[in-house]
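Tertiary structure, described
Below are the chains, spelled out letter by letter.
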Amino acid sequence: MSNMTAAPFSSSADRPQPGLRERKKIKTREAIRTATYALVKEQGYDATTIDQIAERAEVSPSTVFRYFPTKEDIVLTDEYDPVLLETLLARPADEPVPETMRYVMREGVRQGIQEDIEVARMRTHLMVQIPAVRSRMMESMSVTGRMICTAIGERTGRDPDSLEVRVYAMSLIGGLMETSLYWAEQGHQDDFASLVDRALDVLEHGLGKETR
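Here goes a summary of the coordinates provided. Residue positions are given per chain, counting from 1 as you read along its sequence in written order. Given that this is a predicted model, residues contribute local features only at a pLDDT of at least 70 and side-chain atom pairs are listed and counted only at 80 or more, while totals for whole chains, interfaces and linings are drawn from all residues. Only heavy atoms go into the side-chain values, all of them from the structure, while hydrogens and water stay out.

1. As for the packing of aromatic side chains
The criterion for an aromatic pair is that two Phe, Tyr or Trp rings (for Trp, the six-membered ring) have centres within 6.5 Å, with stacked assigned to planes under 30 degrees apart, edge-to-face to planes over 60 apart and tilted to the rest. One pass over the structure, following the stated rule, counts one aromatic pair. Aromatic side chains W183 and F192 sit 4.9 Å apart centroid to centroid with 50° between the ring planes, which places their arrangement in the tilted category. For the pair formed by W183 and F192, the shared burial category is buried. Charge-over-ring placement is defined geometrically: NZ (Lys) or CZ (Arg) within 6 Å of the ring centre, and within 35 degrees of the ring normal. The ring of Y45 has K71 sitting right over it, with the charged end atom 4.2 Å from the ring centre. We note R91 situated over the ring of Y103; from NZ or CZ to the ring centre the distance is 3.7 Å. Three exposure classes are used, based on accessible area relative to the maximum for each residue type with a 1.4 Å probe and protein chains only: buried under 20%, partly exposed in between, and exposed over 50%.

2. Focus on unusual backbone geometry
Positive phi is not limited to glycine here, since E58 has a value of about 60°. Helical segments are the DSSP runs of H or I of at least four residues, strand segments are the runs of E of at least two, and each set is numbered from the N terminus. Residue placement: E58 occurs in the loop between α2 (50–57) and α3 (61–67). The class for E58 is exposed, based on a relative accessible area of 72%. Here H188, not a glycine, exhibits a phi torsion of approximately 55°, which is positive. Its location among the elements puts H188 in the loop between α9 (163–185) and α10 (192–205).

Here it is in structure tokens:
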């Protein structure tokens, strides 16, 4: 989950399907992303320029910047967060928040990791290797955390700006960030979904007894 943008808290069935203009925007974003991933794989992140990305995607550099303010945004931004917000708000009203968030996080893993594992590996590798990418991800996930606060507030009736809700939401975000870094640092050998479950166990139950 990265670079979450505000979205109406309604089911996808309630929203009109994207029109031609929106479909063209999605197609352009995907072309820019695809070009960036290919160039980074070929020559590395630092060597990849906006001009090269624009040429490969067959758009102008100004178009790239219109869709993605920074190069870091290209490799970090996805389309999943509004869907995950809807998933969170669609869960049963009486479901405990930890169960809801575990379901939502698993769904996020399924969509953001398992559906394109190579892109996920590249993103998390860059988070470890490139300070600018890691910094931008932290900024982006802070926005995601505020959106989670709003969603939890709507579900539970709590003040989304209360200390408790903010600490809980940002603990989830921080846990996800550290899990992503750990996964990359370990060479992506572990199953990411299992690592996320372990992280959620820590947040829900604490560290437990130390094992040696």
